[in-house]
2 protein chains.
Amino acid sequence: MAVTPHPAVPVADPEGRARLQRWLDGPHAGARDLVRAWLEEPGHAPRPDLEWQEHRTQVMAWAKELADAGGTSIGFPEQYGGGGDVGASIAAFETLAMGDLSLLVKCGVQFGLWGGAVLHLGTERHHRAYLADTVALRLPGCFAMTETGHGSNVQQLETTATYDADADEWVIHTPRESARKEWIGNAARDGRIAAVFAQLETQGKGHGVHAFVVPLRGEDGTVLPGVRIEDCGQKLGLDGVDNGLIWFDRVRVPRDALLDRYAQVDGDGAYSSPIENPNKRFFTMVGTLIQGRVSVCGAAINATKVAQVIAVRHAETRRQFGPPGQEEVVLMEYRTHQRRLLPDIAKSYALHAAQEGMVAKLDAIFSGHDASERHRRELETLAAGMKAVATEHATRVIQECREACGGAGYLRANRFAALKADTDVFTTFEGDNTVLLQLAAKNLLTDYQVHFGDLDPLGLAGFFVGEAWETVAEKSAVREVLGRLADDLSPGRDEQGQLLERETQLGLLRWRADHMLSGAARRLKGGMDAGTDPFEVLVNCQDHVVAVARAHVDRVLLEAFAERVEACDDVALRAVLDQLCSLFALSTIEADRGWFQEHGRLSSTRSKAVIKTVNRLCGELRPHAALLTEAYGVPEAAFGDAHRVTQRADA
Amino acid sequence: MAVTPHPAVPVADPEGRARLQRWLDGPHAGARDLVRAWLEEPGHAPRPDLEWQEHRTQVMAWAKELADAGGTSIGFPEQYGGGGDVGASIAAFETLAMGDLSLLVKCGVQFGLWGGAVLHLGTERHHRAYLADTVALRLPGCFAMTETGHGSNVQQLETTATYDADADEWVIHTPRESARKEWIGNAARDGRIAAVFAQLETQGKGHGVHAFVVPLRGEDGTVLPGVRIEDCGQKLGLDGVDNGLIWFDRVRVPRDALLDRYAQVDGDGAYSSPIENPNKRFFTMVGTLIQGRVSVCGAAINATKVAQVIAVRHAETRRQFGPPGQEEVVLMEYRTHQRRLLPDIAKSYALHAAQEGMVAKLDAIFSGHDASERHRRELETLAAGMKAVATEHATRVIQECREACGGAGYLRANRFAALKADTDVFTTFEGDNTVLLQLAAKNLLTDYQVHFGDLDPLGLAGFFVGEAWETVAEKSAVREVLGRLADDLSPGRDEQGQLLERETQLGLLRWRADHMLSGAARRLKGGMDAGTDPFEVLVNCQDHVVAVARAHVDRVLLEAFAERVEACDDVALRAVLDQLCSLFALSTIEADRGWFQEHGRLSSTRSKAVIKTVNRLCGELRPHAALLTEAYGVPEAAFGDAHRVTQRADA
């Protein structure tokens, strides 16, 4: 089938595009450009033609090339061949998400999960033994956490690691079928070693889940005695990643196979840890793996961008219907199409801004510049919430973009098939989204209780009066009635103007986040005080609890986006970004306007004004749609044959 | 990888399941059971292992087997080997959607589109020439409508059919690249003949788009002279269907190749038609193809059901977290999980009920028992709206169910990969959903205008007063304020009880549909009266117009579901169905509670009560989740290896 050249991209001002891309690329532009250049090199574009086993071979070859080119070592310490720049390494990983997503995940497993476990859970002897080979991909490794019986509930994993003091060895064992390791990336074909998560038992006592380094295959690729590996088989997507199942039959590894940064066992089998509380110890260990969550978040955002570029190119070239007797009109002229694409582009920008902030925080903490326990906890909360929201955004928006391209989006040669199938599992891996939102909410509620406990009696009283007043205002509807009367009795009042003020937007999203949080705390405490079974209380409030996390993330997104817009010193760009930020804020408020009205924060008149303003902003931003998406800087090679989507109208 | 036997399905009362399935199966239970039995036969289960060309071969073989078994001829006239039962044929087709969806679409193309074009657009000589061979699948045919340049806008197709009076022949021609036929099912490999839609030109004058029978390949499969066919290549899904591109280079066919039910051309090239208005003629011709839209709607509903059964089985067996120190709890116990699955199950039931009603109407019209022009138009409106809503439901719910199954849902061996990829294009083919919703709204607005015009001056005035009063009530907020005061001043008033009354639910959805319709009519008329360019007026109101169609469908769904529940004479089932109907109604109202508050139909207190009642219904219906989904009667063979989803917890 004939492939015609790319149609001209309708960007009025290519120089403006370059400036916007610089603004988006931020401090790690160099790392992003490195990966972009690699993706543009011949032979590095995604290949929808490969059969799954060929795809695995190709992905491993790509990963080695990328390692050789220095694209995967940026985040590791310099003494082991790394670049020592965590922030830049995440920016590079994010950019890789514009290309083949199996390659992305393969790299995530090798360098992020396996390498990250050695780096963060191990100590110097582990670093010396494994990191240089890991970074160079001479030692393909696995991260063997998930089991058939337990995925999200990691504390209940069933694989055992029992210390045998006589032999000075650990015995790694799969005691029953539900304890087999499942979905382990790099296991089915390439992995030679694994960080295995297992219940540590020594001197007859269990100490909870810890990580152990366990060899899987010899240098020739033969599976070692006591280890059994099966292929998970073909998946819905990501077929270039060799996920496998692993069973251990009393496999023996030396005592120092324990990754012992947070817990040590001496030759007699005596267990010690700098962190006394076992629960806290577990969450500290798991917490070091946060980089994976942050990386998946960034990857989801960038995979979404690829779909958005394709959809906007199609919308700017495909003509359909129009005024009688005149030329048909490009899809982008239609309000329904603007509504379909533009608010999601605004959200991608908000996510991008918040991701940049989150990466900076992670960088500061992991490079040791920020040792604040509170900041680490805030990061954990944010990473959990952001990962859920960004991956959900990816799934929904990629689908929306496919549909917005009509039949053309359904060709395998275009990227949608891979984008959809490969990102699908992002909502599940590195933490199921529903579980993560509850984790984020739990942290917020715990912090809220702390804050609450810190208040002196007077402050506490004042705090409660405030709370109570809000509740009364809400219940009696006095506030809304007053608001409505004000709305309705002031003809010509500039509703839309007020809604466009950043303070109004921030005020609404902040109030919702605070109110939902305090409300959830009250409900949980109320249920407990009433003597209801705590689990039942939680289940009854669960939708409220999840909403708390979502509201928190929305607030963070708007704050981050607004801050980045304010810092933009390019007047022309800033004007567009300012509108885009308003579109994000108001489409977010519009989506939950039921809630804002229920809580007296929007009168019905203002609520309708929100809808009108979103429509107006869509119309005003429509001429910038191509600018906004082309500035993502997606390499042309990453579109595969996607220009076939855009050639149709002109063919 | 080991596959363990199916776990026991937790349905307390298998006899109850059978009764519920009978209720769901309705009048065409026989046709449904025929297809179920066929799907359960060895070798008929979906095969995720096939490479795409093998898949095509398998699908053609299946289609022939199914034709031999009588599963595809039910809707054709008896004299051509059919069963003469249109309603039963759609029920059979719907059921086929539980199996391999490429087979479904292949059958849809052959028997629905090609066969349907001959049957409905042709006359007796065409029926005699083609139907028997079509029904037996001795003559594989195509439906060549879509072109590269025009998909939705069929009136602007560019292929030409020019009458050559000297030769008494039509000359079928592709004048430019954008006129090539694209996405034509059955074309790349199997099709020997096609119904080609082209601009009819005779005696130097164009008469718009008409359909012509054009041979494509000889009996040996060789493509005929003047015809060029290319393969569309691999797609995102449905790879068992051989979609192709077709070009015609002045291909000559005899005069009677014109499917001439609605337009005839005599030997001199004189054109005549029983329908004078060319626009009306076009829409009459296209309108006969409505069966395809109704069939896709039913197929989407049934594909969704497969996903829902898998998700509920998983949710009833997979354990995760739970009260400290106790056994983990099955997912279905969680409110978030109930929220995720149950309202969508309720909507599948509502769609199923409405689909049954729609099929009955179609049956009456197409069998000639109902000749009402108004009914035909209502059916067109309904089919457009329902197809959009049901296919959107399929895309969203299948995704939700995949995620609700966690990693297990990501295995290719389970059905989600195919369900997702194959149904994806349902939102696009047989009419893009956004275009269809506008078509439905346009019909509703036209009918509204007619209704409006029929009123006498007094009636009109009364009508307007009513309208105006609503508008004033809404604007001044008087109504809502009064409502709120009533809510707030009556402590203990049974909000939830009232919300559970069917009349309340119907009242809200009917009011919204009516109000949106009259509001859209006012806005459109207002814009036109103000002298704004009509196209601009339409674009500005486009989101409102689409909302009109959605509100109409929601109303129809609730009315149909409520009616079917009332007709259920099984007291025990009826109690469950009654709750399920309320869950559908209230979750629909909940989703748009922003609108209901804006329009003074829900006070903020009542709006919150809607949320609480949805939660309560989820809790109450939770014990029936398995019953409700198992009663869909999905054949076990249709799950592929999907029990691997449910074995995980017990493995």
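Note that the structure is predicted; figures quoted are calculated from it, not measured.

A. Layout of the overall build of chain A. For chain A, the count of helices and strands is 22 helices and 11 strands. By residue count, 63% of the 651 residues in chain A fall in the buried class. Working note: accessible area of chain A is about 23400 Å², and carbon and sulfur atoms make up 54% of it.

B. Quick look at helix α5 (residues 101-121) of chain A. All names here are of chain A. Along α5, the helix axis deviates most sharply at glycine 115, where the bend reaches about 30°. A large share of α5 lies buried, amounting to 20 of its 21 residues. Capping the start of α5, aspartate 100 holds a side-chain oxygen 2.7 Å from the backbone nitrogen of serine 102, two or three residues further along.

C. Geometry of the packing of aromatic side chains. Scanning the entire structure with this criterion turns up 26 aromatic pairs over all chains. Over the face of the ring belonging to Phe283(A) we find Lys442(A), whose NZ or CZ atom lies 5.1 Å from the ring centre. When the ring centre of Trp247(B) is taken as origin, the NZ or CZ atom of Arg228(B), which lies over that ring, is 3.7 Å away.

D. Broad picture of the sheet that holds strand β4 (residues 181-184) of chain A. Residues and elements named next belong to chain A. Overall, antiparallel pairing links the three strands, which are arranged β4-β8-β7 in an open sheet. At either margin of the open sheet sits one strand with a lone partner, and together these are β4 and β7 (227-231). On average, each strand axis in the sheet is inclined to that of its neighbour by 25°, with strand direction left out of account. One ladder, built from two bridges, connects β4 with strand β8 (residues 244-248); its direction is antiparallel. Its bridge partner lying in β8, lysine 181 is registered against isoleucine 246.

E. How the structure looks around the interface of chain B and chain A. The interface of chain B with chain A comprises 92 residues on the first partner and 92 residues on the second. Buried surface at the junction of chain B and chain A, both sides included, amounts to about 7400 Å², of which 49% is carbon and sulfur. Of all residues in chain B, Leu236(B), Tyr410(B) and Glu598(B) give up the largest surface area on contact with chain A, accounting jointly for 11% of the area buried on that side. Where chain B touches chain A, the interface holds eight salt bridges. Residue Asp424(A) pairs with Lys420(B) through a salt bridge whose shortest N-O separation is 2.5 Å. In this structure, the connection of chain B to chain A is made through 45 residue pairs in polar contact (both at pLDDT 80 or more). The greatest single-element share of the side of chain B that touches chain A, amounting to six residues, is contributed by helix α17 (residues 534-566) of chain B.

F. Up close: the environment of Ala513(B). All names here are of chain B. The topology assignment puts alanine 513 in helix α16 (residues 502-529). Here the alpha-carbon distance between alanine 513 and valine 171, two residues 342 residues apart in the chain, equals 48 Å. With residues up to four places along the chain from it excluded, the contact list for alanine 513 reads Ala551, His552 and Arg555.

G. Summary view of the nonpolar core. Tyr349(A), Phe561(A), Tyr349(B) and Phe561(B) are the most contacted members of the largest nonpolar core, which totals 363 residues. Those residues within four positions of Phe561(A) in sequence are excluded, and the remaining contacts are Trp23(A), Ala346(A), Tyr349(A), Ala350(A), Ala353(A), Leu577(A), Leu580(A), Cys581(A) and Phe584(A).

H. The relation of the copies chain B and chain A, seen in detail. Overlay of chain B on chain A (RMSD 0.0 Å): rotation 180°, translation along the axis 0.0 Å. Classification of the inter-copy transformation places it as that of a two-fold axis. In terms of proximity to the rotation axis, the leading residue of chain B is Gly594(B), whose C-alpha is 1.8 Å off the axis. Interface residue correspondence from chain B to chain A reaches 99%, placing this contact among same-surface, isologous pairings.

I. Just a negative patch on the surface, in detail. Residue and element names in this part refer to chain A. Taken together, the side chains of Glu501, Glu503, Glu563 and Glu566 define an acidic patch exposed on the protein surface. Tracing the sequence through the fold places glutamate 501 in the loop between α15 (495-499) and α16 (502-529). You can call glutamate 501 partly exposed: its relative accessible area is 44%.

J. Local environment of the environment of Gly292(A). Residues and elements named next belong to chain A. For glycine 292, the location among the structural elements is in helix α8 (residues 290-317). Using a relative accessible area of 18% as the deciding quantity, one classes glycine 292 as buried. Between the alpha carbons of glycine 292 and phenylalanine 111 there is a distance of 9.9 Å; along the sequence they are 181 residues apart.

K. Representation of the sheet that holds strand β7 (residues 227-231) of chain B in the model. Residues and elements named next belong to chain B. Sheet architecture is open: three strands sit in the order β4-β8-β7, paired in antiparallel fashion. Unpaired on one side and paired on the other, β4 (181-184) and β7 mark the two borders of the sheet. Geometrically, the sheet is characterised by an average inter-axis angle of 25° between neighbouring strands, direction not taken into account. With five bridges joining them, β7 and strand β8 (residues 244-248) adopt antiparallel strand pairing. Among the inter-strand pairings, glutamate 230 is bridged to a residue of β8, identified as leucine 245.

L. Local environment of the side chain of Ser273(A). All names here are of chain A. Within the secondary structure, serine 273 sits in the loop between β11 (271-272) and α7 (278-287). Here serine 273 falls in the buried class, since its relative accessible area comes to 19%. Within polar-contact distance, the side chain of serine 273 engages the backbone oxygen of tyrosine 262 at 2.7 Å.

M. Up close: the pattern of salt bridges. This structure, assessed with the given rule, holds 94 salt bridges over all chains. Measuring nitrogen to oxygen at the nearest pair gives 2.5 Å for the salt bridge that ties Asp260(B) to Arg125(B). With Asp260(B) in the loop between β9 (251-254) and β10 (264-265) and Arg125(B) in helix α6 (residues 124-135), this pair connects stretches of sequence that are 135 residues apart. For Asp260(B), a relative accessible area of 10% corresponds to the buried category. Through salt bridges with shared partners, a single ionic network connects Arg17(A), Arg313(A), Glu630(A) and Glu636(A).

N. Inspection of the side chain of Arg555(A) at higher detail. Mapped onto the elements of the fold, Arg555(A) is located in helix α17 (residues 534-566). For Arg555(A), a relative accessible area of 17% gives the class buried.

O. Structural detail: helix α10 (residues 373-404) of chain B. Residue and element names in this part refer to chain B. Compared with an ideal rise of 1.5 Å per residue, which puts 32 residues at 46 Å, α10 spans 45 Å between its outermost C-alpha atoms and is within 8% of the ideal. Burial within α10 is extensive, with 23 of its 32 residues counted as buried. The backbone nitrogen of arginine 374 has a side-chain oxygen 3.2 Å away, supplied by the residue at the start of α10, namely serine 372.

P. Fine view of the state of the cysteines. On inspection of all chains with the given rule, the structure shows zero disulfides over all chains. Left unpaired, Cys405(A) is separated from the closest cysteine sulfur, that of Cys401(A), by 6.9 Å. When its relative accessible area of 2% is taken as the criterion, Cys405(A) is described as buried. Summary of cysteine pairing: Cys541(A) is not part of a disulfide, and the nearest cysteine sulfur, belonging to Cys618(B), is at 15 Å. For Cys541(A), a relative accessible area of 4% puts it in the buried group.

Q. Local environment of the packing of helix α18 (residues 571-591) of chain B against helix α20 (residues 604-621) of chain B. All names here are of chain B. One can describe the packing of α18 onto α20 by two numbers: an axis separation of 9 Å at closest approach and a directional angle of 145°. The chirality of how α18 crosses α20 is left-handed. Judged by residue contacts, Val576, Gln579, Leu580, Ser582, Leu583, Leu586, Ser587, Ile589 and Glu590 of α18 engage Val610, Ile611, Thr613, Val614, Leu617, Cys618, Glu620 and Leu621 from α20.

R. The arrangement of unusual backbone geometry in detail. With a phi angle near 70°, Trp183(A) is a residue other than glycine that sits in the positive phi range. Structurally, Trp183(A) is set in strand β4. Even without being a glycine, Gln203(B) presents a positive backbone phi close to 50°. Summarising the element assignment, Gln203(B) is placed in the loop between β5 (193-202) and β6 (205-215). Take Gln203(B): its relative accessible area is 56%, and that puts it in the exposed class.

S. Fine view of the packing of helix α4 (residues 86-96) of chain B against helix α8 (residues 290-317) of chain B. Residues and elements named next belong to chain B. For the pair α4 and α8, the least separation of the axes is 8 Å and the interaxial angle reads 40°. In terms of orientation, α4 lies oblique with respect to α8. The crossing of α4 and α8 is right-handed. Residue-level contacts link Val86, Ser89, Ile90, Phe93, Glu94 and Thr95 of α4 to Gln291, Val294, Ser295, Val296, Gly298, Ala299 and Asn302 of α8. For the contact of α4 with α8, the per-class residue count stands at six nonpolar, six polar and one charged.

T. Spatial organisation of the pairing of strand β6 (residues 205-215) of chain A. One ladder, built from nine bridges, connects strand β5 (residues 193-202) of chain A with β6(A); its direction is antiparallel. Across the sheet, residue Phe197(A) finds its bridge partner in β6(A), namely Ala211(A).

Conventions adopted
- Residues numbered from 1 in each chain as written.
- Chains lettered and ligands numbered in written order.
- Predicted model: local features only at pLDDT ≥ 70, side-chain atom pairs only at ≥ 80, totals over all residues.
- Heavy atoms only, no water.
- Helix = DSSP H or I, 4+ residues; strand = E, 2+ residues; numbered from the N terminus.
- Buried < 20%, exposed > 50% of the residue type's maximum accessible area, 1.4 Å probe, protein only.
- Areas by Shrake-Rupley, 256 points an atom, 1.4 Å probe, with all protein chains shown as cover.
- Bend = angle between axes of the 7 residues up to and from the residue.
- Polar contact = N/O pair within 3.5 Å; in protein donor to acceptor, adjacent residues only side chain to side chain.
- Phe/Tyr/Trp six-rings, centres within 6.5 Å; stacked < 30°, edge-to-face > 60°.
- Lys NZ or Arg CZ within 6 Å of the ring centre and 35° of its normal.
- Pairing = 2+ DSSP bridges.
- Axes fitted to C-alpha atoms, helices over the stretch in contact; angles between N-to-C directions.
- Contact = heavy atoms within 4.5 Å.
- Buried area = accessible area lost by both parts, 1.4 Å probe.
- Salt bridge = Lys/Arg side-chain N within 4 Å of Asp/Glu carboxyl O.
- Core = buried A, V, L, I, M, F, W, Y, C linked by side-chain atoms within 4.5 Å.
- Least-squares fit on C-alpha atoms with pLDDT ≥ 70 in both.
- Patch = residues over 30% accessible without salt bridge, like charges linked within 9 Å, V, L, I, M, F, W, Y side chains within 5 Å.
- Lys, Arg positive; Asp, Glu negative; His and termini not counted.
- Charge placed at Lys NZ, Arg CZ, Asp CG, Glu CD.
- Expected span 1.5 Å × (residues − 1).
- Disulfide = S-S within 2.5 Å.
- Left-handed = near helix turned anticlockwise from the far one by under 90°.
- Parallel < 35°, antiparallel > 145°, perpendicular 65-115°, else oblique.
- Nonpolar A, V, L, I, M, F, W, Y, C, P; charged D, E, K, R; others polar.

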